[in-house]
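# Residue-level structural notes
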Amino acid sequence: MSAQTPLLTVRDLAKHYGGRIGCTDISLDLWPGEVLAIVGESGSGKTTLLSCLSARLEPSAGSVRYHMRDGEMRNLATLTEAERRLLMRTDWGFVHQNPADGLRMRVSAGANVGERLMAVGQRHYGRLREAAGDWLARVEIDAARIDDRPSEFSGGMRQRLQIARNLVTHPRLVFMDEPTGGLDVSVQARVLDLLRALVSDLGLSVIIVTHDLAVARLLSQRIIVMKAGRIVEEGLTDRVLDDPHHPYTQLLVASIPES
Ligand SMILES: Nc1ncnc2c1ncn2[C@@H]1O[C@H](COP(=O)(O)OP(=O)(O)OP(=O)(O)O)[C@@H](O)[C@H]1O
């Protein structure tokens with residue numbers, strides 16, 4: 001794929017809930033290998049935007065186009081349900097804040113990872129198990145736990161398992177919704193380190209929603225700041241956080257506790 005072609009192109013996107021604005025006037029490009037953070041206070045439209053970008057919610061106006069593996073730029077609104085599901089199971093990942101939303105809690109850790117591979121046609125039991133074992137190791141879960149269910153895992157382990165389940169198919173684009181939001185602070189740091197290493201090793205493109213500017217600083221190269229459904233500022237993460245131009249961003253940055 002040409003480095004000159006964006007992976008995702010968003011133009012004049014809006015989502016309304018009745019008379020209420022979810023998000024509006026959103027235009028952006030995501031480039032291959034780029035990590036983009038969407039930040040803003042509660043109710044600013046982050047989740048609405050992420051849902052529209054990941055084809056979970058139909059926009060009220062505007063377009064989201066994705067550069068498919070075959071090179072075609074497709075408007076997500078024109079995908080068939082089968083095409084959309086295939087994208088979600090293969091080329092895309094989605095890491096939820098609550099691991100239970102992205103895992104099957106009553107099947108083993110190994111099966112949680114293997115299942116995504118089966119969806120792309122891998123059938124050989126030995127190879128599925130080997131790949132699952134490799135991925136558990138990559139997310140620092142002891143191989144001896146492969147037959148345990150996620151319901152027997154700690155919160156941090158569950159989140160690492162959810163990450164493994166998402167990455168096993170080598171997606172090109174991973175959406176993340178507050179991936180460390182539900183974890184204890186001490187556990188957050190380890191999951192963040194792991195995410196950062198995996199994103200860089202695999203050259204992933206990521207769109208991450210977070211209200212935590214420290215998470216945005218650690219993971220993202222570019223940031224968009226949302227307020228009342230609109231983008232009020234965007235730019236390179238270090239620039240936006242070190243030299244915020246919009247008064248709202250200045251307020252957000254000022255509210256980070258000094259560490
Ligand atoms: N299903 C819905 N029905 C009606 N209004 C909604 C719905 N979902 C979101 N909204 C409204 O859209 C706006 C944006 O909400 P959204 O959940 O996208 O914000 P957010 O930035 O993700 O907030 P949080 O950080 O609290 O998750 C809010 O005014 C919200 O009340």
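Residues numbered from 1 in each chain as written. Predicted model: local features only at pLDDT ≥ 70, side-chain atom pairs only at ≥ 80, totals over all residues. Heavy atoms only, no water.

## Some points on the sheet that holds strand S2 (residues 20-30)
Spatially, the four strands line up as an open sheet ordered S2-S1-S4-S5, and their pairing is antiparallel. Strands with a single pairing partner mark the edges of an open sheet, and in this sheet they are S2 and strand S5 (73-75). The sheet shows a mean angle of 25 degrees between the axes of neighbouring strands, taken without regard to direction. Here strand S1 (residues 8-17) pairs with strand S4 (residues 61-67) via five bridges, running antiparallel. (Pairing = 2+ DSSP bridges. Helix = DSSP H or I, 4+ residues; strand = E, 2+ residues; numbered from the N terminus. Axes fitted to C-alpha atoms, helices over the stretch in contact; angles between N-to-C directions.)

## Some details on the site of the ligand
In the vicinity of the ligand, the residues found are Tyr17, Arg20, Ile21, Gly22, Glu41, Ser42, Gly43, Ser44, Gly45, Lys46, Thr47 and Thr48. Separating an oxygen atom of the ligand from a backbone N or O atom of Gly45 is a distance of 3.0 Å. In the complex, 59% of the free accessible area of the ligand, which totals 630 Å², lies under the protein chains. Only S2 and helix H1 (46-53) provide two or more residues apiece to the shell around the ligand. Taken together, the residues that form the shell around the ligand break down as two nonpolar, seven polar and three charged. (Near = heavy atom within 4 Å. Polar contact = N/O pair within 3.5 Å; in protein donor to acceptor, adjacent residues only side chain to side chain. Areas by Shrake-Rupley, 256 points an atom, 1.4 Å probe, with all protein chains shown as cover. Nonpolar A, V, L, I, M, F, W, Y, C, P; charged D, E, K, R; others polar.)

## Comments concerning the environment of Leu76
For Leu76, the location among the structural elements is in the loop between S5 and helix H2 (81-89). Sequence spacing of Leu76 and Asp91 is 15 residues, and the spatial spacing of their C-alpha atoms is 14 Å. Setting aside residues up to four positions removed in sequence, Leu76 forms contacts with Cys52, Leu53, Ala55, Val64, Tyr66, Leu87 and Trp92. (Contact = heavy atoms within 4.5 Å.)

## Some thoughts on the UniProt feature "domain: ABC transporter" (unreviewed entry) in the protein chain
Per the UniProt entry, the sites bearing "domain: ABC transporter" (unreviewed entry) are residues 8-253 in this numbering. Along residues 8-253 one finds 38% helix and 26% strand; the C-alpha atoms at either end are 28 Å apart. (UniProt positions renumbered as here; feature names shortened; annotations may be inferred.)

## A word on the packing of aromatic side chains
Here the structure, examined in full by the defined rule, presents three aromatic pairs. Note on Trp92 and Phe175: the rings are 5.1 Å apart at their centroids and 80 degrees apart in plane angle, and the pair reads as edge-to-face. Within this pair, whereas Trp92 is found in strand S6 (residues 92-95), its partner Phe175 is found in strand S7 (residues 173-177), the two being separated by 83 residues in sequence. Across the pair, Phe175 and Trp92 agree in class, each one buried. Taken together, the ring pairs connect Tyr66, Trp92, Phe94 and Phe175 into an aromatic cluster. Its end group placed over the ring of Phe94, Arg56 keeps NZ or CZ at 4.0 Å from the ring centre. Against the face of Trp135 rests Arg138, its NZ or CZ located 4.7 Å from the ring centre. (Phe/Tyr/Trp six-rings, centres within 6.5 Å; stacked < 30°, edge-to-face > 60°. Buried < 20%, exposed > 50% of the residue type's maximum accessible area, 1.4 Å probe, protein only. Lys NZ or Arg CZ within 6 Å of the ring centre and 35° of its normal.)

## Some words on empty space enclosed by the protein
The method is simple in principle: a probe with the dimensions of a water molecule rolls over the atoms, and the space it marks as empty is what remains. Overall, the coordinates contain one cavity of 30 Å³ or more when judged by the stated rule. Volume-wise, the largest cavity comes out at about 30 Å³. Counting only elements with at least two residues in the lining of the largest cavity, the list comes to helix H6 (185-202) and strand S8 (205-209). Class assignment of the residues belonging to the lining of the largest cavity gives a composition of seven nonpolar, no polar and no charged. (1 Å grid on protein atoms, 1.4 Å probe; cavity = no way out; pocket = protein on both sides within 12 Å on 5 of 7 lines; lining within 4 Å. Points joined across faces, edges and corners; volume = space filled by probe spheres on them.)

## Quick notes on H1
Of all eight residues making up H1, seven are buried, and the element is well covered by its neighbours. All of the buried residues in H1 are Lys46, Thr48, Leu49, Leu50, Ser51, Cys52 and Leu53. With its phi angle positive at about 60 degrees, Ala55 sits one or two positions after the end of H1.

## Some words on the environment of Leu252
With respect to the secondary-structure elements, Leu252 resides in helix H9 (residues 247-254). Distance from Leu252 to Ile141, taken between C-alpha atoms, is 36 Å for residues 111 residues apart in sequence. Apart from residues no more than four positions distant in its own chain, Leu252 is found in contact with Gly40, Leu213 and Val225.

## So, the sheet that holds S8
Reading across the sheet, the six strands line up as S6-S7-S8-S3-S9-S10 and stay open at both edges, with mixed pairing between neighbours. A single partner strand is all that each edge strand has here, and the edge strands are S6 and strand S10 (230-236). Each adjacent strand pair in this sheet contributes to an overall mean axis angle of 15 degrees, direction not counted.

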